Amino acid sequence: MLTSEATGHISLQAKPQIPIQKAFPRVASPSPSPEMEAARESMAALVDAGLHDCAQTLGCFLVSSATASNEAGMSMKVESLVLHGDALHGEKEYRRALSAYKQAMQYSKSIPRQATGNTRSSGTATGRSPSPNSCSLAALNENEVKFKIALCHTALREHREALQEMEGIPSKARTLKMNLMLGKLYRISRNNRAAAVCYKECLRQCPYIFEAITALAEMGLSSKEFSLIFSQAPNRGSKVPGDSLDAQRWWNRYVEAQCCIASHDYKGGGLDIYLDLMQRFPNNVHILLEIAKVEAIIGRNDEAIMNFEKVRLIDPNIMTYMDEYAILLKSKSDYTKLNKLVHDMLHIDPARPETCLALAALWERKDERKALTYAEKSLRVDDRHITGYIMKGNLHLLLNRPDLAVTDFRGAQELRADLRSYQGLVRAYLALSKCKDALFTAREAMKVMHQSAKALKLVGDVHAISSSGREKARKFYESAIRLEPGFLGAALALADLHVVEGRNKEAVLLLERHLRQCADDSLHIKLAQVYAATNMLSDALSHYQSALRINPHNEAAKKGLERLEKQMKGVDPDAPEEDEENEADDVDGDQDDAELL
């Protein structure tokens, strides 16, 4: 996909269309010389070879040559402009490419239609005409050039102009890549119905368009509806082989998994299907990444980290979802691995949004504002990267700017509503004391993800804010635990509720019961906090130590243990240390990335 980094290039602004006679003074000239035709053919070869810098320099000579008065000369001028646009596009000079393509369209209209009327919508896949000296002149393939103009507008994030250009291509003339582009543009403009039509047409031409499958699944298409679309595909190589039941089976299972994930059916559907597919395709990095992503969503962080590490062992240069992996490592306070990951990502591709977000995760502990600049940079690189909005929203919450966090999480939801955006919105609204908005958002999450224990817990979190709502909160937390017995988030929240209401014994029993099922460092820390609050310091010490044995990097356990040791020595843990200010002065707040790494 074309990146938007090219917006940083100095570009020529598109000028208003003016008559050709004024823009290019008429100079009497013969038909194109053999030398110029040879130069044009060489330019086409350079573009095809990807040597865009050489091609665009040669194009300057071709497009500035004297305009011929005959059809052959005009046709060569048009093709030279298209080739020049292709070369500029390859150099990511999108404004200049736009100008070249539009000039080609304008010159094409000056060629007498009787010579080319039968070929205006046909032509080569590159939008170029055959040689002007060929027996029959072929006109510019206007549909291909319109598509290239749309690609330039998209790279410049001018989605409305790109959509307008694409809609000018007749539906019967649209190729697979055109339908895919149009589907994206309709989705960006929130016209899901029109987007679905385009994506379905893509799958009728080729059922293996992963982007179309993901988009349609998110729009609510069922696996049965997908099967119906696949059956309409023409009988050619791109169709799922009818005589191979095994091929049909694994592909239909993959599509079913996508439908389950889109409908938030993670455990009973998506994850189980992916695990089944791994038996058929061992070491498949795409499926491993999808498994890791789902495990992170449902809270199986250790398993997710393990699968991300497997992916990096298979393909050390993979970048997909590595920002999610970085966030997981940060949550585990494993800064050694996070440091190594960021170092590798900077070496692979420092311009990717995933790299920016991994840097944000690394900087968050040292400098939240610098972390925020990296999150913002990720969105400048790709303004449809959902994790960028989530990271930015969480950083705004840390910086005590919940008003800006609301905008960030809403931006994530406009692209795709998921649990993290709902959680962030609830936290932001509560920080703004907008309890009604927080409750409405939590209930909306529960409706969208009706089988999600985390959505139930989110409603409980809102009720737990007020003393009058604590009984409701308790019921929601207990319902979440019944729905998902191993859900530690609900168990920890319920334990907090017991402590607030003075039921320390119930909190201890609840935590110990879950601890017997899952030896998790967060459970040990919560138990240590409860014991410390009731002055059972030796028991608290034991649980802090157990937490650090499970996860030596756990910052909460380290801080809790340090605080507890002061209590045991009879020192006020909240009293400031004598040299605390001097230490703060010694810290260089302007560390660069190399120093941090």
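Per an unreviewed UniProt entry, the protein goes by Anaphase-promoting complex subunit 7 and derives from Leersia perrieri.

Novice: Before we go on, may I ask you to explain unusual backbone geometry in this structure?
Specialist: Residues apart from glycine generally show negative phi values, whereas peptide bonds are mostly found in trans. The phi angle at His-264 is positive, at roughly 65 degrees, despite the residue not being glycine. Positionally, His-264 belongs in the loop between α13 (245-262) and α14 (266-280). Under the relative-accessibility criterion, His-264 is labelled buried at 15%. One non-glycine residue, Tyr-321, adopts positive backbone phi at about 65 degrees. Turning to its location among the elements, Tyr-321 is positioned in the loop between α16 (301-314) and α17 (322-331).

Novice: I would appreciate a short explanation of the packing of helix α10 (residues 192-205) against helix α11 (residues 210-218) in the present structure.
Specialist: A packed helix pair is summarised by two numbers, namely the angle formed by the two axes and the spacing between the axes. One can describe the packing of α10 onto α11 by two numbers: an axis separation of 9 Å at closest approach and a directional angle of 140 degrees. With respect to α11, the element α10 is oriented oblique. Seen along the crossing, α10 lies across α11 with a hand that is left-handed. For the pair α10 and α11, contact is made by Ala-196, Tyr-199, Lys-200, Cys-202 and Leu-203 and by Glu-211, Ala-212, Ile-213, Ala-215 and Leu-216, respectively. A breakdown of the residues in the contact of α10 with α11 according to their chemical character gives eight nonpolar, no polar and two charged.

Novice: What is the right way to read the environment of Tyr-374 from this model?
Specialist: One can find Tyr-374 in helix α20 (residues 368-381). On a C-alpha basis, the gap between Tyr-374 and Ala-358 in space is 8.6 Å, while along the polypeptide they are 16 residues apart.

Conventions and cut-offs
Residues numbered from 1 in each chain as written. Predicted model: local features only at pLDDT ≥ 70, side-chain atom pairs only at ≥ 80, totals over all residues. Heavy atoms only, no water. Helix = DSSP H or I, 4+ residues; strand = E, 2+ residues; numbered from the N terminus. Buried < 20%, exposed > 50% of the residue type's maximum accessible area, 1.4 Å probe, protein only. Axes fitted to C-alpha atoms, helices over the stretch in contact; angles between N-to-C directions. Parallel < 35°, antiparallel > 145°, perpendicular 65-115°, else oblique. Left-handed = near helix turned anticlockwise from the far one by under 90°. Contact = heavy atoms within 4.5 Å. Nonpolar A, V, L, I, M, F, W, Y, C, P; charged D, E, K, R; others polar.

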